[in-house]
Every structure is written in C-alpha cells, then in structure tokens.
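Close look at the chain arrangement
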Amino acid sequence: MSEVNIDENIVTQDYDNKMIRCENLVKIYKTDEIEVVALQGLDLDVEKGELMAIVGNSGSGKSTLLNMLGGLDKPSAGSLFVDGKNLLKFTDKDYMEYKRNTVGFVWQNNARNLVPYLTAVQNVEMPMLLKGQRHRRERALELLEKVGLSNRKNSRLDQMSGGEQQRVAIAIALANNPRLLLADEPTGSVDTKTSNVILDIFKELNRTEKITVVIVTHDVKLARHIDRVVAIRDGRTSSEIVRKRSYVEELNELGDIVRVEDDVGDDNREELVVLDRSGRLQLPKDYMETLEIKGGDKIKVELDEEDKRIYLFKSG
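Attention here is on the structure that accompanies the text. (Residues numbered from 1 in each chain as written. Predicted model: local features only at pLDDT ≥ 70, side-chain atom pairs only at ≥ 80, totals over all residues. Heavy atoms only, no water.)

Remarks on the side chain of E185
Applied cut-off: By the criteria applied, helices consist of DSSP H or I runs no shorter than four residues and strands consist of E runs no shorter than two, each listed in order from the N terminus. Burial classes follow relative accessibility: with a 1.4 Å probe on protein chains only, a residue under 20% of its type's maximum area counts as buried, one over 50% as exposed, and anything between as partly exposed. As used throughout, the charge tally considers Lys and Arg to be positive and Asp and Glu to be negative, leaving His and the chain termini uncounted. A side-chain nitrogen of Lys or Arg and a carboxyl oxygen of Asp or Glu constitute a salt bridge if their distance falls within 4 Å. Throughout, a contact is declared for two residues whenever any of their heavy atoms are within 4.5 Å.
The topology assignment puts E185 in the loop between strand 9 (180–184) and helix 6 (192–209). In this structure E185 is buried but unpaired, with K62 as the nearest side chain of opposite charge at 4.8 Å. Excluding residues within four positions of it along the chain, E185 makes contact with K62, Q108, V216, T217 and H218.

What follows is the structure, encoded as structure tokens:
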C-alpha cells in the first residue's frame, strides 16, 4: 500500500518510482452552447528519470495532457499525480509553486520563453532573477554550456538561428532545477540535423541530470529515436511503441557507419495496444481499416485458452 502524507493541505502519495501517474483522467471544455471532451479516461504512468515521447494526431488530447502536466490547465475528473503531488487538490498558490519548483516547459514557439532584446545569458538569468536566486550569472553560464551555447552567451536572439534559440529556451526551462521537463513539439520548426542536436541535448540532460523528460511530437523520425513512445487517440492512451533494445545499443551494434539521422531499428520496435484500467482497448487505425470496421460496430471476440490468445472477428 502506498504511503500517504499530508503537507499544506495537498494530498501527496508515493507511487514507488512514478514521476507521473494519470488514472481515468478527464478534461471537458464547456461553453454556453457546446461541450468538448478533450480527454476521456486517459491512463498513463511515467517513471522517474525516464525519457519518453507522446504522439497523436491533432485533436487527440496530447497537448491538453501536456498543459495539465505543466500546471497550465486543471483536470475535470480522474486522478493526476506528479512527483507525488495530487494536482486535483491544488490551489492557485500551489500551482504557482509547482510551476516554479517542479516543472520546466519548452515550447515549439520559443517566443513564449525568450525576451528578444536580451542576450542569451540574460534570458537564462531572467527566471532566477524573478525568484531572487543568488549566483545567477554563474548558473546561467553553466546551463548554456550544457546546451552547447557557451560561445553565444552574449548574442541577442536576432543574431541566433532558430535551433540556437530553441537551445536557449531549453536552458531557461532548466533554470528552476525542475524534476520534470516537458517539451511541446520542440523540433517542429527546425531541420532534421538541428532536430537531432536538440534531441541529443534532451538525452544528455536525462542521463546526467536524471531529469524526467516528456516530449510531445508529431515528428515520426524523432519518435523513432526514443525508446518508449505512447500514442494517444480520442483522448485515451491507445498504444505504446517500445524498443526491444535501446536506441543507443542498436547504434552501437550497427557501427559508426550509421548516422544519427538515419531511420534505424524499425524491426526492433513493436507497437503494443494498451488496455485501460477498465479493460477497454483501442485498435490501431490500420487494423480497423483491414477489418473494415468502425466505431460502434459489433465485434465477435473469441478466446483460445490453449494458446492464450484473443481473436477478433467482424460480426455478420
């Protein structure tokens, strides 16, 4: 049984090694005339120190989930724990502290992170200045070195490329020493080579700083370089794509001839359909097209007890 502690009226819970645990998470947006269900019973676990990606089509609910993990939006129902904290119990003050001390955010549009008339090092110092943190310049220079921009510390944003600006944004997201780093389409506006550089930075931060990293992306090539990818469809966890061997192990086996940007390892990846905690599942779209079925159709299910397999048949 998990240990429950009470701290400043926030229920906290230790889920072993879980940084994120979502159970039956629901988000409903309401106006006077319409109600939109963005998440409808989503389940997700993310281990502490894990680097993983979330993929999904537009409208699948992935950005809604990221906003709730970042403390930018509140769940309507269900359970959401991050770093042992129950976000459904948060007050506005709790959310403010959470965003300052627990989570860092990297946006696709880095203008949300950056002040254009400041230099790179001044931009990184800004969140520390707002917190009254000491030794800001020393820490800012350290972070710029981590993202490979020591030589651009005194450059203004208009003197930097899009990839360099995104790396400054990553340094800013690290300024509050977060335990969870969220990245929303961090490579959406850069080329493949720069995309790989940015992904390598996330991997190195994950490895050396032990930061949990969650990347939301539609970039299939980027997702292929990550060992665990969770697919969201229609507001629920649909499937997981996992590697039998890690991406690093596979590159080592293939040798130096393989470049980072190469699409390696498709035969080393398998997609697993995820059952939610009520036993429901979502079939991959190509499976439904092959069976010529759609939502609402009746499907015959047969269990082969000897082989421990379940077979689906289109009824009629």
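That shown, we press on.
A closer look at the packing of helix 5 (residues 162–173) against helix 6
Condition: Each axis is a line fitted through C-alpha atoms, and for a helix only the stretch in contact is used; angles between axes span 0 to 180 degrees, taken between their N-to-C directions. Orientation is classified from the angle alone, with under 35 degrees giving roughly parallel, over 145 giving roughly antiparallel, 65 to 115 giving roughly perpendicular, and any other angle giving oblique. Each crossing is labelled by how the near helix is turned from the far one, with a counterclockwise turn of less than a right angle marking it left-handed and a clockwise turn marking it right-handed. Nonpolar residues are Ala, Val, Leu, Ile, Met, Phe, Trp, Tyr, Cys and Pro. Charged residues are Asp, Glu, Lys and Arg, and all others, Gly as well, are polar.
One way to put it is that helix 5 packs onto helix 6 with a least axis distance of 10 Å and a crossing angle of 15 degrees. Taken together, helix 5 and helix 6 sit at an angle that is classed as roughly parallel. The crossing of helix 5 and helix 6 is right-handed. Residues G163, Q166, R167 and I170 of helix 5 pack against T194, V197, I198, I201, F202 and L205 of helix 6. In terms of residue class, the contact of helix 5 with helix 6 is built from 6 nonpolar, 3 polar and 1 charged.

Description of the packing of helix 3 (residues 120–130) against helix 5
Their axes nearest at 8 Å, the elements helix 3 and helix 5 cross at an angle of 25 degrees. Relative to helix 5, the element helix 3 is oriented roughly parallel. At the point where helix 3 passes helix 5, the crossing takes the right-handed sense. Of the residues in helix 5, those touching helix 3 at A120, N123, V124 and P127 are V168, A171 and I172. By residue class, the composition of the contact of helix 3 with helix 5 is 6 nonpolar, 1 polar and no charged.

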